[in-house]
Amino acid sequence: MARFESELSLQITAQAVDRVEQAEQVLLNHKQHIASARDQLVSLVATQPKALLLITSQLQEIYLGNSYNSCRLPLEAVGFQLVYPPNFNDKDFESPISLEILPELNKADAIILLGYNFNDLKQLDSMDRFEENQLSKLKQAWEENAISQSLDASQAGRVYFIPTYLCAGLPGPIGTELYLEALKNHLLAPN
């Protein structure tokens, strides 16, 4: 299993504050959550192993989510194989991809869209609607775009919208647990 950067940070911090045993328990729980998610998703991963991980707000700038280890590593840890554009290398993670490249990524069995929207926070009337605020414009843009709708995963109903903050904003055991729960809720929900 890939090592999460947060594990090393936690271990270093635990040593500095003399809480090594507590940190070890947190890391053990973290590994158990990943193992549990892997067990729950095993049949899905067996039949739909390839996932495309994208981060965007409204499709103007699309980034491969692979640059955020806290978003990529849990997917890999449960068994998904991430899809990349042809001739893609690690330096390309820092640059957005164009919407027109999506058809080249059509081999993905599922698309996980990590969405965010920090422009409309002043209009947010309740924190109960925070997730909806983060995703509603992205969902609308995806549904109205001819390119995104032409993808096999879109046509099969296997596009999942998850707030980016769950993995990128909470890069540690708690964030990973929340992110995996959101993934399981979406991936295992009946259509």
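Described in the following lines is the structure provided in the data block. (Residues numbered from 1 in each chain as written. Predicted model: local features only at pLDDT ≥ 70, side-chain atom pairs only at ≥ 80, totals over all residues. Heavy atoms only, no water.)

## Points about the overall build of the protein chain
Convention followed: Here a helix means four or more residues in a row that DSSP labels H or I, a strand means two or more in a row labelled E, and each is numbered from the N terminus. Categorising residues by exposure relies on relative accessible area from a 1.4 Å probe, with only protein chains included: less than 20% of the type maximum marks a residue as buried, more than 50% marks it as exposed, and the intermediate range marks it as partly exposed. Working definition of accessibility: Shrake-Rupley area with a 1.4 Å probe, residue cover restricted to the visible protein chains.
Secondary structure summary: the protein chain contains 7 helices and 5 strands in total. Reading the protein chain from its N end, one meets helices and strands in the order α-α-β-β-α-β-β-α-α-α-β-α. For the protein chain, buried positions account for 43% of its 191 residues. Put simply, the protein chain shows about 10,400 Å² of open surface, and 49% of that area lies on carbon and sulfur atoms.

## Comments concerning helix α3 (residues 69–77)
Note the cut-off: In this analysis, two residues are considered to be in contact whenever any of their non-hydrogen atoms come within 4.5 Å of each other.
Among the 9 residues in α3, 7 count as buried, and that is most of the element. Of all the residues in α3, the buried ones are Ser70, Cys71, Arg72, Leu73, Pro74, Leu75 and Ala77. Its buried side turned inward, α3 meets α2 (20–47), β1 (50–56), β3 (81–82), β4 (110–115) and α7 (173–187). Where α3 terminates, the next one or two residues include Gly79, which has phi positive at roughly 115°.

## Digging into the packing of α2 against α7
Stated precisely, the cut-off is as follows: Geometry is summarised by axes, namely lines fitted to C-alpha atoms with helices restricted to the contacting stretch, and by angles between N-to-C directions that run from 0 to 180 degrees. What sets the label is the angle itself: under 35 degrees gives roughly parallel, over 145 gives roughly antiparallel, 65 to 115 gives roughly perpendicular, and the rest give oblique. Take the far helix as the reference: if the near one is turned anticlockwise from it by less than a right angle, the crossing is left-handed, and if turned clockwise, right-handed. Three classes are used: nonpolar for Ala, Val, Leu, Ile, Met, Phe, Trp, Tyr, Cys and Pro, charged for Asp, Glu, Lys and Arg, and polar for all others, with Gly counted as polar.
Packing of α2 against α7 leaves a shortest axis separation of 10 Å and a crossing angle of 15°. Here α2 is positioned roughly parallel relative to α7, judged by the angle of their axes. Like other packed secondary-structure pairs, α2 and α7 cross with a definite hand, here left-handed. Contact residues: α2 offers Val26, His30, His33, Ile34, Ala37, Gln40, Leu41 and Leu44, while α7 offers Pro173, Thr176, Glu177, Leu180, Lys184 and Leu187. Split into classes, the residues belonging to the contact of α2 with α7 amount to 8 nonpolar, 4 polar and 2 charged.

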